[in-house]
Structure formats: C-alpha cells, structure tokens
Amino acid sequence: MEVLTILIPVSLFLGGVGLVAFFWALKKGQFDDPHGDANRILTKDYDERPKP
Amino acid sequence: MLSIPTAHCAACISTVEQALEAVPGVQSARVNLTMRRVSVAADPQLEAAPLIAALNGVGYEAHELDAGLLSATETDKQGRDLLMRLGVAGFSMMNVMLLSVAVWSGAGEATRDLFHWISGMIALPTVVFAGQPFFKSAWASLRAGRLGMDVPISLALILASSISVFETLNSGHHAYFDAAVMLAFFLLAGRYLDHRTRAVARSAAEELAALEVPRALRLTDTGEETVSITDLAVGDLVRVRPGGRMPVDGVVVEGTSEVDRSLLTGESLPVWAGPDTRVSAGEVNLTGPLTLRVMAAGRDSSLHRMADLVAVAEAAKTRYTSLAERASRAYSPLVHILSFSAFGYWMWATGGDLRYAVNISAAVLIITCPCALGLAVPAVVTAASGKLFRKGLLIKHGTALERLAEVDTVVFDKTGTLTMGTPEPTNLGEHPRAATEVAMALAEASSHPLALALVAGARAAGLHPATVTELREVPGYGVEGLWRGQAVRLGRAGWCGAEADLGVTATWLCTGEGTPRPFTFADRLRPGAAEVVAGLLKQGMAVRLVSGDTPGAVAAIAGRLGISEVTAGALPAEKAALVADLTAQGRHVLMVGDGLNDTAALAAAHVSISPATALDAARTASDIVLLGQDMAPISDALRIARQSTRRIRENFAISALYNVVAVPLALVGAATPLAAALAMSLSSISVTLNALRLK
C-alpha cells in the first residue's frame with residue numbers, strides 16, 4: 001500500500017491541473033459563445049491568423 | 001454592436017463578418033452566435049446605418065443596439081461565478097468519488113481512515129465555496145420566515161459534512177463527504193442551467209429595449225437640435241420628418257401630411273393631418289414634414305397614460321404559482337418532518353445514541369434532497385426555451401411556458417399582428433393599362449406606403465410607368481403631374497373630386513376625363529398567419545379576432561383566415577374587457593398583439609405574445625416575443641409548451657419514485673453512503689435524459 005503515498009498526490013495534482021486549466025479557459029472567455037465556436041470550425045475562410 | 005436575429009449557422013458567421021469588414025472604416029467584426037449579436041470595431045465617426053445596409057444586402061435583418069443600455073457584464077459575472085463553483089464542485093466530486101469507491105469496496109481500517117481524511121480535506125473547502133449560493137438564499141428565506149427549497153439543501157450540506165467530520169475523527173465506517181459534494185454539484189448544475197436560460201432571455205429583452213432610442217428634433221431660434229424626449233417641455237416646437245414617429249403629444253402648427261395611427265388604434269387607414277390637428281406620441285408621420293407644438297411629453301403623454309392602464313391590468317392578474325413552486329411548497333416541510341422524526345425515533349429506540357440518530361437523519365436529508373427536483377425544471381425549461389429560441393420565439397418570463405401549455409383560447413389583434421401593416425393593391429386588373437401606368441408614374445414620386453405598394457404591385461404585373469412630367473407631391477393630399485398635356489392627380493378622394501367612401505383603403509386617380517378611378521388596397525398578411533390560424537383550429541383552440549379597425553377591413557381579413565368570431569372597432573379598454581370576460585368564463589387566453597391599444601389586453605391575458613416590431617409598451621407587457629417576421633412558430637410553441645409541462649410532471653414523478661424506494665431504507669438505517677450516491681446520481685441522470693427527449 002506504500003504506492004498510495006505517491007498515487008494519491010499524483011492524482012490530486014493532475015486533477016488540480018485540470019481545475020486550473022478550467023479557470024484559465026473561463027477567464028479567457030472561452031465559454032462566452034459556445035454555439036458560435038462550435039460552428040466556427042466549419043467555416044471555409046482561409047485565415048493565416050485566426051481572430052482572437 | 002448590432003443585433004442579427006436571423007443568423008443561425010456556420011456560413012452565417014463568415015458571411016456577416018466578411019460583409020461588415022468590406023465596409024470602409026471597419027477594422028474587425030466578430031459574431032457571437034449564442035447571443036445573435038455582432039460587435040464591430042470601427043472608426044469612431046462611422047454610423048450604424050451603412051453597416052445595417054451592408055447586412056441587409058447579404059440577407060440579414062440587423063438592428064442597432066445601444067451598447068450602454070446592455071448591462072450584460074453583471075449577468076456575465078454571475079454566470080461565470082456559478083460556472084466556477086460548478087467546476088470546483090465537479091473537480092472535488094470526481095476526486096472524492098475515487099477515494100470513496102475504495103472505501104465502498106472494503107478498504108481496511110487504516111486505509112479507510114486515511115481516505116476519509118483526504119476526502120474531508122477536499123470536500124470541506126468545496127462545500128464552503130460551492131455551497132454559498134444555497135446558504136445565502138436559505139438564510140434569506142429563513143429570515144423572511146419561509147421554508148424554501150434551499151433550506152433543506154443547506155441543512156443537508158451542513159449536516160452531512162459535520163457528521164462526516166465527526167465520524168472521521170472517531171474512525172467510523174460511514175462518511176458522507178461524497179454525497180455532500182455530489183449534492184452541491186448536481187444542484188449547481190441545475191442552478192447554472194436556470195441562470196443560462198434567464199440570461200439569454202434577459203439580454204434579448206434588454207436588446208429590444210435598446211432598439212428604441214427616443215430622440216426629437218427641437219426647433220430653437222438658432223436652428224434645429226437633437227434632444228432626448230425627456231428634455232422637452234410643453235410649448236416647445238418639434239419637427240417630425242416623414243417616416244418618423246411622433247415623440248410627443250402635440251398640435252400641428254405647420255405642414256400637412258398623413259399619419260399612420262395603426263399602432264395606437266388599430267386603424268389601417270392613414271389619417272390626414274394639417275394645422276390644428278392633434279397627434280399623439282407613437283403615431284407615424286408619412287408624407288410631409290410636420291412642426292408640432294408640444295402639449296404633453298414624457299410622463300404625461302398618451303403613451304404613458306396607456307402604460308398606466310397596463311399597470312392596472314397587471315395588478316389585477318392573479319399571481320401564477322409555477323409547478324416548481326407548488327412542488328417545493330409541498331415538499332420541503334415533508335423533508336424536515338421526516339428527518340426530525342427519524343432523529344427522534346432513533347434517539348428513543350437506541351436509548352439516547354446521539355451519534356446514530358444524527359447519522360440516520362443526515363442520511364434521510366441527503367436521500368430526500370431534491371437533486372432531481374432541482375434539475376427537473378431547469379433542464380426541461382432550458383431544453384424547451386432553447387428550442388423555441390431557435391424557432392424565433394423569446395420566452396421573457398419564467399412561468400410563461402407553463403402558462404402557455406394551459407391555453408385554450410387565442411385572441412389575435414389584426415393590424416400589425418396578423419397583417420404586416422403594409423398594404424397591397426387588390427384591383428389593379430380592373431383598370432385600363434394606360435390608367436394604371438399613369439398611376440404608377442405618379443406613385444413613384446411619393447414614399448407614401450400606398451404609393452410604394454402601388455408601384456410594387458404594378459411592377460410585379462409587368463407594367464412600366466408612363467411619362468408624366470412636372471411631378472409634385474402635395475403633402476397630405478397626393479401627387480400631381482402633367483400627362484400628355486393634361487393635369488393628373490393621384491391621392492385622397494376629396495382632392496380628386498370623388499366623394500364615395502368605399503369602406504376600404506383606396507387612393508384615387510383622376511385624369512380629367514371620366515370619373516376618378518379608385519385603386520383599392522388590402523393589408524398584406526403576415527407570413528405564416530394562415531398556417532398559425534389553421535394549426536390552432538386543428539388543435540381545437542377557439543380563435544378570435546379583435547381589432548380597432550373598421551368592420552369591413554376586419555371581416556375581410558377574418559374571411560381570408562377562416563376566423564368566425566370577430567370583434568371590430570374595439571377600444572383598448574374593450575379589448576381588455578373581452579379578455580377579462582373570457583378569463584371569467586374559465587378560459588385560459590393567449591393574446592397576440594402588437595399595438596398600444598393591445599397592451600392592456602396583453603397584460604390581462606393568461607399569457608401573451610407580441611412581435612418584435614411592436615411598440616415598446618406592448619413588448620414589455622407580453623410574456624413572449626416573436627423575433628422574426630414569420631408567425632408560424634406560435635402553433636409550434638403551444639405544442640412544445642404542452643410537451644414540456646408533461647416532461648416536468650414526469651420528472652417530478654421519477655424523483656418521487658426514487659424517494660419512495662430510498663427513503664424507507666434511510667429511515668430504518670439501511671442507507672449506506674453508497675446507496676445515497678447511487679440514488680442521487682441515477683435520479684439526476686434520468687430526469688436530465690427525460691428533459692432532453694423534448695422534440
């Protein structure tokens with residue numbers, strides 16, 4: 001059972017990374033227009049630099 | 001910031017953005033498809049008009065939005081806050097659940113205690129952070145002396161966490177950390193869905209309010225200035241251009257024109273206006289510029305007096321209790337009674353074993369806790385209003401959907417609702433070709449709605465305008481010109497020397513030879529109007545038409561649509577009285593109307609719909625707004641509303657069933673944390689799936 005001392009911190013850390021990534025996405029406004037973003041990948045416009 | 005109600009697909013995004021970016025002065029444009037808006041970054045001096053024209057050019061309606069009026073930031077912040085709490089709850093739910101699975105599958109003494117400690121360290125901060133919305137609203141309702149849905153929720157969260165801490169300290173077998181966190185997660189999910197629906201509705205409602213920017217042109221000694229109508233005082237002189245809406249009540253001092261009163265009275269015929277004619281705010285000036293002396297502005301104007309009528313009607317409206325409210329009113333005392341009696345019984349049965357009794361009562365609270373109830377309504381309402389929004393209907397009011405499901409009588413207004421308020425010629429074929437061509441040439445010189453309709457109708461019939469010279473528009477009367485050396489006139493009956501009143505909208509052509517010829521017009525039906533009426537009749541609804549227009553015009557429309565019960569010449573108060581009468585007969589009335597004369601009736605009806613073109617007051621008074629021009633979604637909306645109410649009831653039944661099975665187990669003390677977790681997640685998932693079945 002000694003493996004738990006490594007596995008539990010590791011799993012908590014990975015979960016924490018996910019949580020931080022979620023906060024980052026929230027702050028960047030990635031949930032502001034879910035419907036639009038879902039459709040935007042279908043546009044055929046050629047753009048070298050995608051719009052921010 | 002522009003609103004684009006018809007955008008809906010991937011192709012729309014690129015079309016709209018490219019069209020806007022092609023306009024000189026625009027730096028960039030970005031569509032938000034969820035909100036149906038496009039924000040444009042452009043040079044400061046660029047006006048909205050060319051942008052709207054560019055969008056119309058590629059086939060999208062667009063409206064300018066006053067960015068200052070849209071207080072989107074506040075709702076955005078709330079939504080982000082809820083989403084953040086939901087994320088935290090979800091994260092810790094997953095971690096605690098992993099640890100709990102080990103405990104459920106039989107981890108030994110030391111391992112179990114270790115896992116409980118870790119779970120507690122994750123769960124406690126989560127409950128404190130994620131549970132705040134519930135604690136706040138529970139506290140508020142307790143202070144008001146009520147038992148809301150949030151009181152048992154908060155109690156369950158607190159009790160479950162504290163009993164689990166106690167058990168962990170004493171190395172007990174059962175800890176409910178997973179249940180507490182899961183409860184928070186599912187309930188937050190319901191809250192978030194609820195918030196999203198409201199936010200979409202609110203932002204769209206704000207959008208409608210931001211559409212009308214009330215300004216007036218005031219004449220001063222130095223010239224004209226644009227002012228807000230709140231700055232106008234009685235006695236000021238105001239100029240109203242053709243096509244503009246009267247900003248105030250007043251008396252005409254200069255100029256002649258015709259005014260369209262259809263929004264106020266339902267009359268489809270334009271009325272002549274000249275010096276000393278009284279006009280009311282909301283009327284539209286059609287042909288010539290008018291100068292008004294302000295008689296009443298702002299609060300005292302007839303628009304505002306009508307708004308007071310609405311307030312009275314709304315106060316008389318019985319408050320509707322939603323299904324969710326009724327359910328929670330019956331439910332939350334029951335939960336408390338069950339939990340406390342379980343506590344009392346086990347205190348007595350075990351001879352004062354406080355720890356065991358608290359354990360049982362916490363289990364009862366957790367299992368009965370309305371996870372499914374908290375999700376049942378928001379999930380269905382979100383699914384249904386999303387569906388309706390895609391069809392172009394905006395639900396403004398939370399309970400509108402449920403009330404819509406009860407409707408058995410539909411009352412329509414005519415002008416502007418069933419009809420577009422724009423005329424179309426009806427008897428072009430009865431005139432000699434030459435006469436029509438002369439009329440067409442004359443009509444081309446004017447921007448009067450009848451003239452525009454005549455030109456469009458004649459062009460559609462393949463005619464070409466005759467050569468008429470020295471065209472001159474006489475505001476308020478018509479157009480005159482010279483045709484083959486002869487004076488010809490197109491305009492009002494009196495001006496042409498015709499005296500007959502046909503009972504329908506008509507304009508007259510006189511060429512000097514023979515009697516004047518009438519060109520008659522009928523109101524154009526709104527697209528989808530015929531389908532809606534047919535659909536409603538098929539669903540077994542009673543359909544009525546109530547209008548302030550003349551009996552002839554109303555009967556003609558009713559005949560075309562197949563409506564048998566018709567009331568013409570109704571005053572605003574009579575319309576409201578008719579709706580109240582029907583309600584007194586036990587009918588649930590859906591009122592569909594757009595004019596100021598409908599507002600009182602809209603407010604008095606069980607549920608009401610108005611098109612987006614309606615006056616501000618009418619839109620405020622109604623529960624649902626029709627965003628597009630097409631009316632067809634209304635009959636669909638009734639079907640979806642009935643279906644969603646059925647789904648809500650089914651969801652209540654499902655969660656009740658889970659409770660019936662699980663609560664006895666909890667009461668006898670057989671409910672382990674595993675059972676609680678299973679009951680909770682199964683019921684939540686099944687109600688969500690049931691909500692998504694909505695078609």
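Residues numbered from 1 in each chain as written. Chains lettered and ligands numbered in written order. Predicted model: local features only at pLDDT ≥ 70, side-chain atom pairs only at ≥ 80, totals over all residues.

Caption draft 1: Region of the structure containing the overall build of chain B. What chain B contains, in helices and strands, is 24 helices and 26 strands. When burial is assessed residue by residue, chain B has 49% of its 695 residues classed as buried. In chain B, of all internal contacts separated by at least 6 residues, the share reaching a separation of at least 24 is 68%. (Helix = DSSP H or I, 4+ residues; strand = E, 2+ residues; numbered from the N terminus. Buried ≥ 20, exposed ≤ 12 C-beta atoms within 10 Å, placed from the backbone. Contact = placed C-beta atoms within 7 Å.)

Caption draft 2: How the structure looks around the interface of chain A and chain B. With 22 residues of chain A at the contact, the number on the chain B side is 21 residues. Breaking the side of chain A that touches chain B down by element, the ones donating at least two residues are α1 (4–27) and α2 (34–40) of chain A. Among the elements that make up the side of chain A that touches chain B, the one with the highest residue count is α1 of chain A (nine residues). Residues belonging to the side of chain A that touches chain B are distributed by class as follows: ten nonpolar, seven polar and five charged. (Nonpolar A, V, L, I, M, F, W, Y, C, P; charged D, E, K, R; others polar.)

Caption draft 3: Structural context of helix α23 (residues 633–667) of chain B. All names here are of chain B. Between its first and last C-alpha atoms α23 spans 49 Å; for 35 residues at 1.5 Å apiece the expected length is 51 Å, and the two agree. For α23, the principal kink sits at V661 and spans about 30°; a proline, P664, occurs within the next four residues. Residue G669 follows α23 closely and has a positive phi angle near 85°. (Expected span 1.5 Å × (residues − 1). Bend = angle between axes of the 7 residues up to and from the residue.)

Caption draft 4: A look at the pairing of strand β22 (residues 542–546) of chain B. Residue and element names in this part refer to chain B. Taking burial as the measure, the five residues of β22 include four buried ones, the bulk of the element. Summarising the sheet, strand β15 (residues 409–412) and β22 pair through four bridges and their orientation is parallel. Each bridged residue has a counterpart across the sheet, and for T409 the counterpart in β22 is A542. Bridging between β22 and strand β23 (residues 565–567) involves three bridges; their strand directions are parallel. Within β23, the residue paired with L545 across the bridge is V566. Each parallel crossover has a hand, and the one from β22 via helix α19 (residues 551–561) to β23 is right-handed. (Pairing = 2+ DSSP bridges. Right-handed = clockwise from strand over helix to strand, strands pointing away.)

Caption draft 5: Representation of the domain arrangement of chain B within the structure. Structurally, chain B comprises domain 1 (2–64), domain 2 (215–298), domain 3 (383–420 + 526–642) and domain 4 (423–523). One C-alpha centre belongs to domain 2 of chain B, the other to domain 3 of chain B; they are set 30 Å apart. (Domains from an automatic or database assignment.)

Caption draft 6: Layout of the sheet that holds strand β12 (residues 284–285) of chain B. Residue and element names in this part refer to chain B. Sheet architecture is open: three strands sit in the order β10-β9-β12, paired in antiparallel fashion. The open sheet has two edge strands, β10 (271–273) and β12, and neither has a second partner. Inspection of the sheet shows strand β9 (residues 257–260) paired to β12 by two bridges, in the antiparallel sense. Counted as the bridge partner of V259 is N285 from β12.

Caption draft 7: Main features of the nonpolar core. All names here are of chain B. In terms of nonpolar packing, the biggest core is built from 133 residues, with A180, V181, L183, A184 and I366 touching the most fellow members. When residues of this core are assigned to their parent elements, the largest contribution, 13 residues, is made by helix α7 (residues 177–211). Dropping the residues within four chain positions of it, V181 is found in contact with A89, S92, M93, V96, A123, T126 and V127. Among the nonpolar cores identified, the runner-up in size contains 24 residues, and L442, C496, F519 and F521 belong to it. (Core = buried A, V, L, I, M, F, W, Y, C linked by C-beta atoms within 7 Å.)

Caption draft 8: Examining the packing of helix α6 (residues 150–169) of chain B against helix α11 (residues 354–368) of chain B more closely. Residues and elements named next belong to chain B. At a minimum axis distance of 9 Å, the contact between α6 and α11 shows a crossing angle of 140°. In terms of axis orientation, α6 runs oblique to α11. The two elements α6 and α11 meet at a crossing, and its hand is left-handed. Contact residues: α6 offers P152, L155, A156, L159, A160 and I163, while α11 offers V358, N359, A362, L365 and I366. Residues belonging to the contact of α6 with α11 are distributed by class as follows: ten nonpolar, one polar and no charged. (Axes fitted to C-alpha atoms, helices over the stretch in contact; angles between N-to-C directions. Parallel < 35°, antiparallel > 145°, perpendicular 65-115°, else oblique. Left-handed = near helix turned anticlockwise from the far one by under 90°.)

Caption draft 9: Spatial organisation of unusual backbone geometry. Phi is positive for D276 of chain B, which is not a glycine, with a value near 75°. Tracing the backbone shows D276 of chain B in the loop between β10 and β11 (278–279).

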